[in-house]
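As a plain string of letters, each chain reads:
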Amino acid sequence: RWIVPVCARTAASSACTLVEGDEGRLDLAPGDWVLPNAGASGYYRFDLDPAGWERLIAAAPGLPGEEAMVIADSAWASFEAGRAPFSTVLAAMRALAGHQERLAAVFIPGRIGGLTQTALSAADRSAYGALINSLFRDRLSAMGVNLARG
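Procedures and definitions
- Every residue gets a number counted from 1 within its own chain, in the order that chain's sequence is written.
- Residues qualify for local features only when their pLDDT is at least 70, as the model is predicted, and side-chain atom pairs are given and counted only at 80 or more; totals for whole chains, interfaces and linings, by contrast, use all residues.
- Only heavy atoms go into the side-chain values, all of them from the structure, while hydrogens and water stay out.
- What counts as a helix is a DSSP run of H or I of at least four residues, what counts as a strand is a run of E of at least two, and both are numbered from the N terminus.
- Each residue is placed in one exposure class: buried if its accessible area under a 1.4 Å probe, protein chains only, is under 20% of its type's maximum, exposed if it is over 50%, and partly exposed if it falls in between.
- Any pair of residues with heavy atoms lying within 4.5 Å of one another is described as a contacting pair.
- Per-residue and other accessible areas follow the Shrake-Rupley method at a 1.4 Å probe size, with only the shown protein chains counted as cover for residues.
- A strand pair is defined by DSSP finding two or more bridges across the two strands.

To continue, consider the overall build of the chain. Tallying secondary structure elements over the chain gives 5 helices and 2 strands in all. Listing each helix as α and each strand as β along the chain from the N terminus yields β-β-α-α-α-α-α. Dimensions along the principal axes, computed over C-alpha positions, put the chain at roughly 55 × 30 × 25 Å. Counting all 150 residues of the chain, 35% fall into the buried class. Taking as baseline every contact in the chain between residues at least 6 positions apart, the subset at least 24 positions apart corresponds to 48%. When the accessible surface of the chain is summed, it comes to about 8,900 Å², and 53% of that surface belongs to carbon and sulfur atoms.

See the structure below:
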């Protein structure tokens, strides 16, 4: 059996424990959201119910870079595993697009980019391109990238 160190937090508190079986327990002060990998300190991904994802994604823009990155990674992994709907991935992408941690901002668009040629129709690719343009235009312009040139 594996012994897994797990840390989680809310806006109000954090706690850590060692999980030595299929389940563990952490006592956290109530909060609007729960981040099951506080500080991105664990070597694991997490999944949440739809309401949990919604609350955590809403908080994501204000979280530190490493926590924003673990949210992006776990949301994508949950979608790939067939648990989270694509709307959760899009919500995370929108919430993280302006995050100061560039890797957190571009993680999900990078993963979706691999699907655009194989899984999206021409109309969907166009809509996705417009979404990416709207989310990243200002950031890319500040770097000297001109999206109008293609």
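As paired elements, strand β1 (residues 4-9) and strand β2 (residues 14-19) share 6 bridges and run antiparallel to each other. Counted as the bridge partner of P5 is L18 from β2. Between β1 and the antiparallel strand that follows it, β2, lie 4 residues.

Before going further, it helps to examine unusual backbone geometry. Peptide bonds are, in most cases, trans, and in most cases residues other than glycine have a negative phi. Non-glycine residue A40 carries a positive phi angle of around 50°. Mapping A40 onto the fold places it in the loop between β2 and α1 (50-59).

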